[in-house]
Amino acid sequence: QVQLVESGGGLVQAGGSLRLSCAASGTIFSSNVMGWYRQAPGKQRELVATMTSGGRTNYADPVKGRFTISRGNAKNSVYLDMNSLKPEDTAVYYCKFQRASSEYWGQGTQVTVSS
């Protein structure tokens with residue numbers, strides 16, 4: 001089992017910045033993928049960014065150039081630096097941990113961007 005604890009959401013004005021953090025605990029193997037997804041009201045959950053334990057990243061087109069994903073040295077944490085935030089970035093952001101065929105989700109943290 002893996003437990004995920006997220007933090008860092010909040011309310012920010014358009015153009016502002018936020019940093020999301022996610023810490024994983026439990027049975028964590030060295031080879032894994034951690035990432036961030038988001039779900040806006042009335043919409044499906046969508047990919048924001050992922051990063052493998054080896055450092056390979058993947059970003060959704062809407063956030064490229066504005067968001068940066070990074071991992072902690074122990075590879076059991078993941079961060080999302082969000083800059084130039086837009087109202088359309090408003091959503092609940094979820095941390096995801098994946099290894100092999102198992103995946104785990106955090107409880108979600110609200111990000112609200114006011115215009």
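Residues numbered from 1 in each chain as written. Predicted model: local features only at pLDDT ≥ 70, side-chain atom pairs only at ≥ 80, totals over all residues. Heavy atoms only, no water.

K.L.:
Would you mind going over the overall build of the protein chain with me for this structure?
P.N.:
Across its full length, the protein chain holds 0 helices and 11 strands. Ordered by position from the N terminus, the helices and strands of the protein chain form the series β-β-β-β-β-β-β-β-β-β-β. Taken against the 2.2 N^0.38 rule, which gives 13 Å for 115 residues, the C-alpha radius of gyration of the protein chain at 13 Å falls within 12% of a compact globule. A principal-axis box enclosing the C-alpha atoms of the protein chain has dimensions of 40 × 25 × 20 Å. Relative to its full complement of 115 residues, the protein chain shows a buried share of 43%. Taking all contacts inside the protein chain whose residues are at least 6 apart in sequence as the whole, residues at least 24 apart take part in 52%. In the form shown here, the protein chain has an accessible surface area of approximately 6000 Å², with 47% of it arising from carbon and sulfur atoms. Here the protein chain contributes 12 positively and 7 negatively charged side chains, and the mean placements of these two sets differ by 6 Å. (Helix = DSSP H or I, 4+ residues; strand = E, 2+ residues; numbered from the N terminus. Rg over C-alpha atoms; globule rule 2.2 N^0.38 Å. Buried < 20%, exposed > 50% of the residue type's maximum accessible area, 1.4 Å probe, protein only. Contact = heavy atoms within 4.5 Å. Areas by Shrake-Rupley, 256 points an atom, 1.4 Å probe, with all protein chains shown as cover. Lys, Arg positive; Asp, Glu negative; His and termini not counted. Charge placed at Lys NZ, Arg CZ, Asp CG, Glu CD.)

K.L.:
What is the right way to read the pairing of strand 4 (residues 33-39) from this model?
P.N.:
Looking down a regular strand, the side chains alternate between one sheet face and the other. Among the 7 residues that make up strand 4, 5 are buried, leaving the element largely enclosed by the rest of the structure. With 6 bridges joining them, strand 4 and strand 5 (residues 46-52) adopt antiparallel strand pairing. Each bridged residue has a counterpart across the sheet, and for Tyr37 the counterpart in strand 5 is Leu47. Remark: 6 residues form the turn of the hairpin made by strand 4 and strand 5, two consecutive strands paired antiparallel; Gly42 in that turn has positive phi of roughly 80 degrees. (Pairing = 2+ DSSP bridges.)

K.L.:
Explain the pattern of salt bridges to me, please; I cannot follow it from the model alone.
P.N.:
Close approach of charged atoms lets side chains of opposite charge pair. Using the criterion set out here, one finds 6 salt bridges in the structure. The shortest N-O distance in the salt bridge between Asp81 and Arg19 comes to 3.0 Å. With Asp81 in strand 8 (residues 77-82) and Arg19 in strand 3 (residues 18-26), the pair connects residues that are 62 residues apart, well separated along the chain. Residue class for Arg19 comes out partly exposed when judged on its relative accessible area of 42%. Salt bridges sharing common partners tie together Arg38, Glu46, Arg66 and Asp89. (Salt bridge = Lys/Arg side-chain N within 4 Å of Asp/Glu carboxyl O.)

K.L.:
Got a minute to help me understand the sheet that holds strand 8 in this structure?
P.N.:
Adjacent strands of a sheet form backbone hydrogen bonds with each other and so pair up, either parallel or antiparallel. The strand order across the open sheet formed by 4 strands is 1-3-8-7, and the pairing between neighbours is antiparallel. If you trace the sheet from one side to the other, it starts and ends with strand 1 (2-7) and strand 7 (67-71), each paired once. Direction aside, neighbouring strands of the sheet carry axes that sit 15 degrees apart on average. (Axes fitted to C-alpha atoms, helices over the stretch in contact; angles between N-to-C directions.)

K.L.:
What is the right way to read the packing of aromatic side chains from this model?
P.N.:
We describe a pair of aromatic rings using the distance from one ring centre to the other and the angle between the two ring planes. Scanning all chains against the criterion turns up 3 aromatic pairs. Ring geometry for Tyr37 versus Trp105: centroids 5.1 Å apart, planes at 70 degrees, classification edge-to-face. Placement of the pair is Tyr37 in strand 4 and Trp105 in strand 10 (residues 102-105), with a sequence separation of 68 residues. Here Tyr37 falls in the buried class, since its relative accessible area comes to 17%. Here Tyr94 and Trp105 contribute two aromatic rings whose centre-to-centre distance is 6.5 Å and whose plane-to-plane angle is 85 degrees, an arrangement assigned as edge-to-face. Within this pair, whereas Tyr94 is found in strand 9 (residues 91-99), its partner Trp105 is found in strand 10, the two being separated by 11 residues in sequence. Put simply, the rings of Tyr37, Tyr94 and Trp105 pair up and form one aromatic cluster. (Phe/Tyr/Trp six-rings, centres within 6.5 Å; stacked < 30°, edge-to-face > 60°.)

K.L.:
Which parts of the structure should I look at to understand the state of the cysteines?
P.N.:
Covalent bonding between the sulfur atoms of two cysteines is what defines a disulfide. If you walk through the whole model with that rule in mind, you get 1 disulfide. With a sulfur-sulfur separation of 2.1 Å, Cys22 is cross-linked through a disulfide to Cys95. Residues Cys22 and Cys95 are joined through a disulfide that is left-handed, its torsion about the S-S bond being -80 degrees. On the criterion of sequence distance, the pair formed by Cys22 in strand 3 and Cys95 in strand 9 is long-range, its members being 73 residues apart. (Disulfide = S-S within 2.5 Å.)

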